[in-house]
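# Chains, contacts and geometry: an overview
Next come the chains, spelled out residue by residue.
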There are 2 protein chains.
Amino acid sequence: MTTFPDVPAFTGFNTPSRVEANVHDLDVRGTIPPEMDGCFYRVQPEHQFPPLLGNDIAFNGDGMISMFRFKDGRVDFTQRWAKTDKWKLENEAGRALFGAYRNPLTDDESVKGKIRGTANTNAYIHGGRLYALKEDSPALVMDPVSLETQGYTDFDGRMKGETFTAHPKTDPATGNMCGFGYASKGLLTRDMTYYEISPEGELLYDVWFEVPYYCMMHDFAITPDYALFSVMPMTSSWERLKAGKPHFGFDTAQPTYLAVMPRRAGTTAQDIRWFKGGNCFTAHVMNAHQDGTKLHLDLPVAANNMMPFFPDINDAPFDPAAGATYLTRWSVDLAQNEEEYRSQRLSGMIGEFPRIDDRFTGQKNRYGWMVVIDPAQPVEAKGGSAGGWVMNTLGFVDLESGTEQKWWCGPVSSIQEPCFVPRPGSEREGDGWIVMVCNRLESHSSDLLIFEATNIAAGPVATIAIPVRLRFGLHGNWAEANAVKALEEA
Amino acid sequence: MTTFPDVPAFTGFNTPSRVEANVHDLDVRGTIPPEMDGCFYRVQPEHQFPPLLGNDIAFNGDGMISMFRFKDGRVDFTQRWAKTDKWKLENEAGRALFGAYRNPLTDDESVKGKIRGTANTNAYIHGGRLYALKEDSPALVMDPVSLETQGYTDFDGRMKGETFTAHPKTDPATGNMCGFGYASKGLLTRDMTYYEISPEGELLYDVWFEVPYYCMMHDFAITPDYALFSVMPMTSSWERLKAGKPHFGFDTAQPTYLAVMPRRAGTTAQDIRWFKGGNCFTAHVMNAHQDGTKLHLDLPVAANNMMPFFPDINDAPFDPAAGATYLTRWSVDLAQNEEEYRSQRLSGMIGEFPRIDDRFTGQKNRYGWMVVIDPAQPVEAKGGSAGGWVMNTLGFVDLESGTEQKWWCGPVSSIQEPCFVPRPGSEREGDGWIVMVCNRLESHSSDLLIFEATNIAAGPVATIAIPVRLRFGLHGNWAEANAVKALEEA
């Protein structure tokens, strides 16, 4: 029998939902821009079964993919499991077989050596294919219309590493999907691989290299000529895993690095430059751009660890203030013989989940959107939160004018990552909308909100009631209908 | 764009859900009896689209069928629309086309003459087929495993009437499904038809007759030799429909009748006996049985109208106390030259939605279960209710010993119709369980509860969290896995 534990990770807003659903023509307050024609895909971690070890972190849940199909001012909702190898094995067994987050030592004997991926981090469209992504495993391919799982891909045998990032980037000039894997030669290895995949799905080339120390390499950035990686000391070791500690622990003794890799076939590890920086925490990347010989990487940076569930390796208590992330620019000049990157804070807002108008990936973007923690707003702690963060505000930055906007979601709500939707026919940066799930924590319900992208302070232009109980989600992306052949035909 | 009106019928617990869902292995507290092997089907009215006329009653919603598949102590959940002709026409149009409850004068011109049925009242298994039923239209056939709709049936052309009851009965001796239609020759006609259908789906015979006045003929009873009908003055007329009044209105000036019809091919209207009674309200039937020449019909009876949304035809204010229903026995002796039925109250509980161990249909049953309104319990009015009733208690009657049991669901919950599940291998009446949906009104969530059938006072032995937002439901039924060939094979 299936009984989830009575713990915060599985009660309140975290109550198991596990619903594969189809809902036609969702109830809307306000007006959905009728020219929106495409899909917003997002993913939430959900445990298919009660955790093997009695409790678990959200990051170890199985991927559940939601699709919001917009057309003619209406929106349909579809939700399906990302049926990973893990999901199928556990489904067959009728119980959890895999143990702790990235700790195969805790797994049931029957699944030793199986791919542990959960596909729970991002839902990404490229070349008309839907990828459900988790950085510890290969990319899972799903049908972008039916959301049926097709299975893991190694890109016709050309991907030799074991993992593929949850945060690929699509180069707007070439249409290539740029991605990477870390722990490419196996769990905890320092091996990394950069991949570039054509719109036709062909893996064009790879670059193998090693990072200075094994770390959570969660995101990265591209420019037309370079790939940029932030190495920060969320680390692990076999000792941690054997001791049953959380996979990751934050090491305040380690420096950070900004790695700059030329984006071209034939690049070798020797071509990569490593710029050192002080100890700090980074996770997601907003964007990067080139300015002559200079490179700029914009990303939220915290003075110390942001993730309480991956504690300090020396058991220092978690410090929320030091874990506050601020949008920051790391800069280097390749023409200079620099050994360190320079760092400059770009915003006073505590923000993460940074997003841009993705058509400006790798170019200098003017606008950015983030999930902001606004500590000045009142909070009614009801229904729980994701990771303990009070993600109560949508933030908008105009890096050209230096102005900012905020939209507060209220005392008993929280928000998920925003996603930019371009206005059809317009190429102007930021001309379009933001779609974003808003968690109604007390009622355990969710709305999908739509904002005019550069006027978020005005509040949503449409509030779409999602009749299925969602959970805290991670990342999502918009796909124009014409970017998915099967969508246009459906 | 689709925006439901901000009225009680579509807010709180009545918020549109409209979710077609699959959920595997629901979360359970307590223990599901592992020997339960079958399906609990139930239906709730749900509007596919905002009502054409701005507001509506729940009874006019489209049928949404839920299936709980029990096996090996686990339960899976599936939910699908009953895709009636109305549903398909409206789905195609992207909006409501049919107007008020049983008033075709309010429909869009484009659907004049189409079948208006919503299939929203009962989900009934017979002969391995699933029927979604609404008394104003033919029976809708659905696949009992996939819940895909197959369409309306006229039983190979042999059903000549326009309607089929939502409350058929299966004769445990013959296996025949006994049903009827009213308004058989068209809306508001006094024509009724009795049908008997073999387990193979063959319509064996019909009997045509007229009722003294057009009325809501919602339920009936069978015994081995007779069909029993309660004629009560929830009436209508073209004048009401033209005036835009609710279809039904209660007429306190009319008598009631108990009709007794011999169950055999060749029966004519002349064979039916009509026993008169005073004005009162009835809706559902618990059971009937023969005792020599005597016939007993057990059903909840109220002194006056129970349904505030179908008001008094002379606009008398609704009287909740007079609308309270009490389980009552109507008796006649066919050997006597009686003109009236006798009436005897069997329970002091205010109860409706009466159910029995269906294996005792038409025989003298000892046990009965009902939804009870217990006015002695506190109520916190949150999230709304169905029809204004505070259905807060599961009631159990032992008609042999005269004892009763009650189980109160708490101040912010309400319950839906109970359904008896026989214990496999046992033929003893009442040996089994009750399954019942419990509405958590404030959180707009639902649990499926399981009780030991003759010990409901002990409370549920299992509480199954339903992760999909249900709405107030109407009727449901249990099907053993071996009663549905496709289920056994699935």
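What you see is a predicted model, and the numbers here were worked out from it, not measured in a lab.

Attention now goes to the relation of the copies chain B and chain A. One copy of the chain maps onto the other through a rotation about an axis followed by a shift along the same axis. When chain B is fitted onto chain A, the two copies agree to an RMSD of 0.0 Å after a turn of 180 degrees and an axial shift of 0.0 Å. Each copy turns onto its partner about a two-fold axis. The position closest to the rotation axis in chain B is occupied by the C-alpha of B:Ala21, lying 2.1 Å away.

Moving on: the interface of chain B and chain A. Facing 34 residues of chain B, the contacting portion of chain A comprises 34 residues. Its largest share of buried area at the contact with chain A, chain B owes to B:Met1, B:Arg18 and B:Arg469, together 23% of the area lost on that side. Counting the contacts that link chain B with chain A gives zero salt bridges. In this structure, the connection of chain B to chain A is made through 21 residue pairs in polar contact (both at pLDDT 80 or more). Residue assignment for the side of chain B that touches chain A shows that the elements contributing at least two residues are strand S1 (20–23) and strand S2 (28–30) of chain B. Looking at the side of chain B that touches chain A element by element, the count peaks at four residues for S1(B). Considering only residue class, the side of chain B that touches chain A consists of 12 nonpolar, 14 polar and eight charged. The sheet contact formed by strand S1 (residues 20–23) of chain A and S1(B) spans three bridges and is antiparallel. Among the inter-strand pairings, A:Ala21 is bridged to a residue of S1(B), identified as B:Ala21.

Our focus in this paragraph is the UniProt feature "binding site: Fe cation" (unreviewed entry) in chain A. All names here are of chain A. Sites flagged by UniProt as "binding site: Fe cation" (unreviewed entry) map to His-167, His-218, His-284 and His-475. Sequence-wise these annotated residues cover 309 residues; spatially they are packed, their C-alpha atoms never more than 12.2 Å apart. By relative accessible area, His-218 is classed as buried at 12%. Apart from residues lying up to four places away in sequence, His-218 is in contact with Thr-121, Glu-135, Thr-165, His-167, Phe-180, Ala-283, His-284 and His-475. Along the chain, His-284 falls in the loop between strand S20 (281–282) and strand S21 (287–291). His-284 sits in the buried class, given a relative accessible area of 8%.

Turning to the side chain of B:Glu352, a few remarks are in order. Residues and elements named next belong to chain B. Structurally, Glu-352 is set in strand S24 (residues 342–355). Buried and unpaired, Glu-352 has no salt bridge, with Arg-355 as the nearest side chain of opposite charge at 10 Å. The residues touching Glu-352, leaving out its near neighbours within four places in the chain, are Ala-283, His-284, Pro-300, Met-306, Thr-325, Met-370 and Val-371.

All names here are of chain A. In this fold, Tyr-326 is placed in strand S23 (residues 325–333). Overall, Tyr-326 belongs to the buried group, its relative accessible area being 17%. When the C-alpha positions of Tyr-326 and Gly-73 are compared, they lie 36 Å apart, and in sequence the two are 253 residues distant. Non-local contacts of Tyr-326, meaning those with residues more than four positions away in its chain, are made with Leu-299, Pro-300, Val-301, Arg-345, Ser-347, Gly-348, Met-349 and Ile-350.

With that out of the way, let us pick up helix H1 (residues 85–93) of chain B. Restricting attention to buried positions, one finds in H1(B) the residues B:Lys86, B:Trp87 and B:Glu90. Down the axis of H1(B), the buried set is contained in an arc of 95 degrees. They therefore lie on one face.

We now examine the sheet that holds strand S6 (residues 122–126) of chain A. All names here are of chain A. With antiparallel pairing, the four strands of this open sheet are ordered in space as S6-S7-S8-S9. In the strand order of this sheet, the two ends are held by S6 and strand S9 (149–153), each with one partner. In this sheet, adjacent strand axes meet at a mean angle of 30 degrees when their direction is disregarded. Alignment of S6 against strand S7 (residues 129–133), held across five bridges, turns out to be antiparallel. Residue Ile-125 lies in a different strand from S7, and its bridge partner there is Leu-130.

A separate point is the pattern of salt bridges. Per the stated rule, a full pass over the model turns up 58 salt bridges over all chains. Among the salt bridges present, the one from B:Glu338 reaches B:Arg342, with a minimum N-O distance of 2.6 Å. A relative accessible area of 40% means that B:Arg342 is categorised as partly exposed. When the shortest N-O distance is used, the salt bridge between B:Asp358 and B:Arg355 registers 3.3 Å. On the basis of relative accessible area, B:Arg355 is assigned to the buried category, the value being 9%. Shared partners join several salt bridges into a network, and the residues in it are A:Glu35, A:Arg423, A:Arg428, A:Asp431 and A:Glu452.

Turning to the packing of aromatic side chains, a few remarks are in order. Residue and element names in this part refer to chain A. The tally for this structure, following the rule as stated, stands at 66 aromatic pairs over all chains. For the ring pair Tyr-182 and Tyr-214, a centre distance of 6.0 Å and an interplane angle of 45 degrees mean the geometry is tilted. Of this pair, Tyr-182 sits in strand S11 (residues 177–182) while Tyr-214 sits in the loop between strand S13 (203–210) and strand S14 (220–222), placing them 32 residues apart in sequence. Here Tyr-182 falls in the buried class, since its relative accessible area comes to 4%. With centroids separated by 6.4 Å and ring planes inclined at 85 degrees, the aromatic side chains of Tyr-257 and Trp-274 adopt a geometry described as edge-to-face. Of the two residues, Tyr-257 is situated in strand S18 (residues 256–262) and Trp-274 in strand S19 (residues 273–277); the sequence distance between them amounts to 17 residues. Take Tyr-257: its relative accessible area is 15%, and that puts it in the buried class. Among the aromatic residues, those joined into a ring-pair cluster are Phe-180, Tyr-194, Tyr-205, Phe-209, Tyr-213, Phe-220, Phe-229, Tyr-257 and Trp-274. For the cation-ring pair, Arg-345 lies above Tyr-326, with the distance from its terminal atom to the ring centre recorded as 3.8 Å.

What counts as what
- Residues numbered from 1 in each chain as written.
- Chains lettered and ligands numbered in written order.
- Predicted model: local features only at pLDDT ≥ 70, side-chain atom pairs only at ≥ 80, totals over all residues.
- Heavy atoms only, no water.
- Least-squares fit on C-alpha atoms with pLDDT ≥ 70 in both.
- Contact = heavy atoms within 4.5 Å.
- Buried area = accessible area lost by both parts, 1.4 Å probe.
- Salt bridge = Lys/Arg side-chain N within 4 Å of Asp/Glu carboxyl O.
- Polar contact = N/O pair within 3.5 Å; in protein donor to acceptor, adjacent residues only side chain to side chain.
- Helix = DSSP H or I, 4+ residues; strand = E, 2+ residues; numbered from the N terminus.
- Nonpolar A, V, L, I, M, F, W, Y, C, P; charged D, E, K, R; others polar.
- Pairing = 2+ DSSP bridges.
- UniProt positions renumbered as here; feature names shortened; annotations may be inferred.
- Buried < 20%, exposed > 50% of the residue type's maximum accessible area, 1.4 Å probe, protein only.
- Lys, Arg positive; Asp, Glu negative; His and termini not counted.
- Arc of directions from axis to C-beta.
- Axes fitted to C-alpha atoms, helices over the stretch in contact; angles between N-to-C directions.
- Phe/Tyr/Trp six-rings, centres within 6.5 Å; stacked < 30°, edge-to-face > 60°.
- Lys NZ or Arg CZ within 6 Å of the ring centre and 35° of its normal.

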